[in-house]
Each structure stands twice: as structure tokens, then as C-alpha cells.
Amino acid sequence: MKVLVKSTLKILLRMKSFWFFLLLTPILSTVLLNMKQNSLAYYSYEDSYKITDLESFDEKLAYYAGNGQYVVKVYDFCESELSEYYLTKLSASGMFRLCRVKMSEQKDDVRNMAAVEKEIELENYKDRKGSSLVIPAEFDSFAKSGDIENAVRFYIQSDDARTEIFMYDMALQLTKIGNAGGDLKTLEAADAKIPEREVIRFSAEKEHQLTHDQIDKRTRMGYALAIMTMGFVFGGVFISHIAIGEQKDSVVKRIRISNTQISSYFVSKLLASFFVAVLLTGVMAGCSIFIDMEGLGMNRLEFLGMIFLMGLIFSSLSLMMGVLLGDVMSANVAAFTLWSLSSMLSGLYFPLTYTTNTLKILSKLMPQTWFMDGTEMIFTGDKSAPIMLLCVTVAYLVLIISLGSLGLKVKKVDEWGNA
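Note that the coordinates shown come from a computational prediction; the quantities given were computed from them, not determined experimentally. Throughout, residues of each chain are indexed from 1 in the direction in which the sequence is written. Reporting in this predicted model follows two pLDDT cut-offs: at least 70 for local features of residues, and 80 or more for side-chain atom pairs to be given and counted; totals over whole chains, interfaces and linings ignore these cut-offs and use all residues. Derived side-chain values reflect all non-hydrogen atoms in the structure, with water molecules and hydrogen atoms excluded from consideration.

### Quick look at the overall build of the chain
Here is the rule we go by: For the purposes of this entry, the term helix denotes a DSSP run of H or I that reaches at least four residues, the term strand denotes a run of E that reaches at least two, and both are numbered from the N terminus. Accessibility here uses a 1.4 Å probe with only protein chains present; expressed as a share of the type maximum, an area under 20% marks a residue as buried, one over 50% as exposed, and anything in between as partly exposed. We call two residues in contact whenever any of their non-hydrogen atoms come within 4.5 Å of each other. Surface accessibility in these figures is a Shrake-Rupley result with a 1.4 Å probe; residues are shielded only by whichever protein chains are displayed.
Broken down by element type, the chain carries 17 helices and five strands. Classification of the 419 residues of the chain by burial places 48% in the buried group. Sequence separation of 24 or more characterises 77% of the internal contacts of the chain that already satisfy a separation of 6 or more. Accessible surface for the chain amounts to roughly 21200 Å². Of this, 61% is attributable to carbon and sulfur atoms.

### Observations concerning the sheet that holds strand β4 (residues 131–135)
What links the strands of a sheet is backbone hydrogen bonding, and the strands pair in either a parallel or an antiparallel sense. Worth spelling out the cut-off: Paired strands are those between which DSSP finds at least two bridges. In this description, a line fitted to the C-alpha atoms serves as the axis of each element, helices being fitted only across the stretch in contact, and the angle between N-to-C directions of two axes falls anywhere from 0 to 180 degrees.
Across the sheet, which stays open at both edges, the five strands sit in the order β1-β3-β2-β4-β5 with mixed pairing between neighbours. Looking along the sheet, the strands with just one partner apiece sit at the ends: β1 (52–54) and β5 (153–156). The average angle at which neighbouring strand axes cross in this sheet is 25°, direction not considered. Bridge count between β1 and strand β3 (residues 96–102): three bridges; the pairing is parallel. Across the sheet, residue Leu-54 finds its bridge partner in β3, namely Val-101. Against the sheet, helix α3 (residues 81–91) contacts β2 (70–76), β3 and β4, and its axis sits at roughly 155° relative to β3. Its contacts with the sheet place helix α7 (residues 162–179) against β2, β3, β4 and β5, and it is angled at close to 175° to β5.

### Overview of the environment of Lys-89
Secondary-structure assignment places Lys-89 in helix α3. Sequence-wise, Lys-89 and Asp-169 are 80 residues apart; in three dimensions their C-alpha atoms are separated by 9.0 Å. Non-local contacts of Lys-89, meaning those with residues more than four positions away in its chain, are made with Asp-169, Gln-173, Lys-176 and Asp-191.

### Remarks on unusual backbone geometry
Positioned with a positive phi, Glu-79 is a non-glycine residue whose angle comes to about 55°. By secondary structure assignment, the location of Glu-79 is in the loop between β2 and α3.

### What to know about the packing of α3 against helix α8 (residues 184–192)
We count it as follows: These descriptions rest on fixed angle ranges, namely under 35 degrees for roughly parallel, over 145 for roughly antiparallel, 65 to 115 for roughly perpendicular, and the rest for oblique. We call a crossing left-handed when the near helix sits turned anticlockwise from the far one by less than a right angle, and right-handed when that turn is clockwise. Gly falls in the polar group here, along with every residue not listed as nonpolar (Ala, Val, Leu, Ile, Met, Phe, Trp, Tyr, Cys, Pro) or charged (Asp, Glu, Lys, Arg).
At their nearest, the axes of α3 and α8 sit 11 Å apart, and the two run at 25° to each other. As summarised for this structure, α3 and α8 are arranged roughly parallel, according to the angle between their axes. Read as a crossing pair, α3 and α8 show a hand that is left-handed. Of α8, the residues touching α3 (which contributes Glu-81, Leu-82, Tyr-85 and Lys-89) are Leu-184, Leu-187 and Asp-191. Its residues placed into classes, the contact of α3 with α8 shows four nonpolar, no polar and three charged.

### Considering the nonpolar core
Spelled out, the test is: Definition of nonpolar core: a set of buried residues of the types Ala, Val, Leu, Ile, Met, Phe, Trp, Tyr and Cys, connected through side-chain atoms within 4.5 Å.
With 68 residues, the main nonpolar core has Leu-12 and Phe-303 as its most contacted residues. Tallying contributions element by element places helix α9 (residues 212–248) first for this core, with 14 residues. Apart from the residues within four sequence positions on either side, Phe-303 is in contact with Leu-33, Met-221, Met-284, Ile-291, Met-293, Leu-296 and Met-298. Among the nonpolar cores identified, the runner-up in size contains 25 residues, and Leu-98, Ala-143, Val-152 and Met-170 belong to it.

### Thoughts on the packing of aromatic side chains
Aromatic ring pairs are defined here through the distance separating the ring centres and the angle between the ring planes. This is how the line gets drawn: Ring geometry is summarised as follows: Phe, Tyr and Trp rings, the Trp one being its six-membered ring, pair when their centres sit within 6.5 Å, and such pairs are stacked at plane angles under 30 degrees, edge-to-face over 60 and tilted between the two. In this scheme, the term charge over a ring applies when either NZ of a lysine or CZ of an arginine sits within 6 Å of the ring centre and within 35 degrees of the ring normal.
Across all of its chains, the model carries 11 aromatic pairs by this definition. Residues Phe-21 and Phe-234 carry aromatic rings whose centres are separated by 4.8 Å and whose planes lie at 5° to one another, so their mutual orientation is stacked. Of this pair, Phe-21 sits in helix α2 (residues 16–33) while Phe-234 sits in helix α9; the two residues are 213 residues apart in sequence, bridging distant segments of the chain. The same class applies to Phe-21 and to Phe-234, which are both buried. Judged by centre distance (5.7 Å) and plane angle (35°), the rings of Phe-154 and Phe-166 are tilted. Note that Phe-154 is positioned in strand β5 and Phe-166 in helix α7, a separation of 12 residues in sequence. Of the aromatic side chains, those joined through ring pairs into one cluster are Phe-20, Phe-21, Phe-234 and Phe-238. One Lys or Arg, Lys-364, reaches over the ring of Trp-370 and ends 5.2 Å from the middle of that ring.

Written as C-alpha cells, this is what we have:
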């Protein structure tokens with residue numbers, strides 16, 4: 001057994017393609033985890049009642065409707081206290097999501113109405129939102145005088161029935177401002193008499209409520225796990241290449257002549273796949289020196305533990321698939337399919353919260369889904385996360401080995417060793 005494992009590892013470490021995945025995937029994962037981007041939490045709930053400020057003039061809004069709000073892109077030329085109050089009141093209902101572009105922060109060539117109207121026209125084809133709202137520089141004077149017609153410019157960009165509700169709310173808030181003469185103290189005093197609202201969100205028992213920052217971290221972790229999954233999958237499939245080559249070269253036949261059980265041969269390959277998980281995790285441990293673990297939301301041991309357990313699952317799974325298929329090209333195609341579909345269906349690239357029940361059920365079958373759940377548990381301080389991930393790993397390994405053994409019996413293991 002020891003000799004079989006050593007010989008497999010020697011061949012594996014001489015493969016340039018294996019070294020490519022061994023070094024590339026941890027490095028790419030490190031880059032993704034160090035990404036400093038605060039626009040990943042498109043689906044967060046905590047900002048539903050706040051104005052979302054956009055950095056770019058032409059930033060797309062398609063994903064900002066993740067919670068079903070009516071999305072409005074606001075081009076604010078005024079940026080006064082009164083316009084801030086007006087937009088805040090419009091977003092306060094929670095039905096509308098206002099995404100604002102502060103025009104004073106944009107380039108000179110787009111800080112004019114001609115550029116805004118051109119962008120709005122282009123967005124009719126390349127973006128998805130309810131409407132666009134332009135707050136002119138003269139907003140304060142028009143609003144104070146009650147000139148609703150000239151106070152704002154409104155562009156309908158969908159057939160959403162909520163457009164009429166938004167237009168009514170716009171007119172209502174402008175009327176209130178006009179009646180108060182644009183005096184903020186008068187408006188705030190009137191608002192103080194309105195009963196205070198407390199928003200309570202009900203969620204499923206196992207759903208973890210994450211903050212905006214935690215959703216950003218979870219998204220980066222999802223991208224990193226997707227890249228690491230590719231490394232583990234192809235690491236395992238390379239071992240299956242070795243097994244397929246040994247079968248075709250009659251190496252397995254000679255091993256059986258030496259009174260070595262064929263089951264011992266396959267166990268040695270499985271142990272070699274575990275080595276792949278150890279080696280990739282080790283390289284990731286070296287790369288983790290450059291990761292801000294505090295900014296990641298978990299300590300280094302928890303992070304590497306998750307990577308290693310996930311590696312055990314995917315390296316053994318891809319190995320078993322390759323051996324059962326018995327062909328190098330088929331094994332490569334299966335490995336790529338396994339990586340791409342499992343990453344997509346598990347929600348590593350985008351949330352599956354608002355998908356169909358069928359996709360949600362399929363998602364639960366993917367190992368990465370459970371590791372993302374474990375990530376959320378760690379973020380929320382749930383101490384049972386390591387135990388849950390360990391149990392999930394053991395369950396998948398038992399399932400993989402059991403189904404693999406059954407598959408080998410169906411394929412007739414005796415054929416191994418017969419060139």
C-alpha cells in the first residue's frame with residue numbers, strides 16, 4: 001500500500017499541469033479574498049430604507065433589485081440638504097430603492113443634462129430598472145415655490161405598475177416641501193409627529209442575517225471557494241489519469257500478479273487524492289500570510305480547515321468519476337462539468353435566494369452550499385460550524401466511497417489489469 005501511494009505521488013509531482021493548478025488556484029483565491037470592493041452586497045436588506053450612492057456615472061443597477069424593490073437611478077445635480085431630505089423621504093417606504101449618482105463627483109464631460117439624457121437612453125437597452133430621476137441644480141428654488149413641474153425630471157423606463165405609486169409619492173413629497181416653504185425645521189417637526197416605525201424581518205429558522213459588510217465578505221469567500229474547488233477537482237482527476245494509464249499499460253495487471261488486492265490499489269489512489277487536499281491547503285496556508293484574516297471575518301485555522309475539508313470531498317469525488325469513466329478525455333470533461341455546475345448551483349457566484357424551489361433543492365446537494373452556510377455561521381458567531389462542516393465532509397466521503405465501490409462492481413473490477 002505504501003509503495004503504491006509513493007509511486008502515484010511521484011508521477012503526480014512530475015506533471016506540469018498539476019503544478020499549474022497547485023500554484024495558480026491558491027494565488028487567485030488570495031487575490032479575490034483581498035479584493036477591497038463594497039459593491040458586492042447587492043442583495044443586502046439593511047440598506048433597503050437608505051439611499052445607495054453609486055461611484056460611477058454608468059454603473060449598472062440590474063442586481064440592486066434583489067429584494068424586489070422598484071429601482072430608481074437618481075442623477076443629483078443639486079446635492080443640497082433639501083434634495084437629500086426629498087430623496088430620503090422617497091426611499092423611506094422600502095418599496096423603492098434609490099441609487100444616486102452625485103454629479104459633482106463625476107468627470108466634467110458627463111456633468112451636463114445632454115450626457116445624462118444620452119446615458120438614460122442607452123440604459124433602456126443595457127440595464128434593468130424602473131425609472132430615472134434627475135434633480136436639477138435649481139431644485140431648492142423650484143421646490144420652495146411649489147413648482148412641481150420643474151423641480152425634477154422623471155424618465156419612465158419600465159412597464160412596472162409601481163411607477164404610478166412612485167410618481168404619486170414624488171408629487172406628495174414636493175407638495176409637502178412647497179407647503180413648508182422649503183424650511184427643513186418645519187418639515188422635520190412635522191415628521192416628528194408621525195408614529196415611529198419599527199421594521200422587523202421574519203426569516204427561516206436556519207437563515208443567517210448578515211450585515212452589509214458580512215455579505216461582502218461572504219461574496220468574496222464564495223469566489224475564492226469556487227477557484228479552490230477547481231484546483232481540488234483537477235488534482236483528483238490527474239490521479240485518475242495515472243490510474244487509467246496504469247490500466248492501459250498493464251501495470252495494474254502486474255500489481256495483481258504480485259497478490260495485491262485490487263481494492264488496495266484503489267485505496268492507494270484515494271489516499272493520494274487526500275494528499276492533493278493536504279498539498280493545496282498547504283500552499284493556501286502560505287498564501288494566507290498575505291490575507292487580512294480580521295477583514296475576512298474568521299481566523300486562519302477556521303479558514304484553512306474549511307479549505308481542507310472541501311478539498312477532501314472534491315479530490316476524492318473527481319478521482320472516483322475519472323476511474324469509473326476510464327478515459328482521460330471523458331474524465332477531463334467530467335471534471336470541468338463538476339466544477340462549473342457545482343459552483344454555479346451552490347450560489348458561489350450569485351445568491352439563489354429568489355430562484356425556484358427546484359434550484360434550491362439542487363443547491364443543497366452541492367458540497368459548497370454547506371461550506372457557505374458554515375461561513376455564515378462563523379460570521380454570526382455560531383460555535384457549531386466546525387462540527388457541522390466535519391459531519392458534512394464525513395457524510396459526503398461515505399457517499400462517494402460507497403457509490404464508487406458500487407460503480408466499480410458494476411463495471412466489473414476484474415477487468416482492471418486486463419489490457
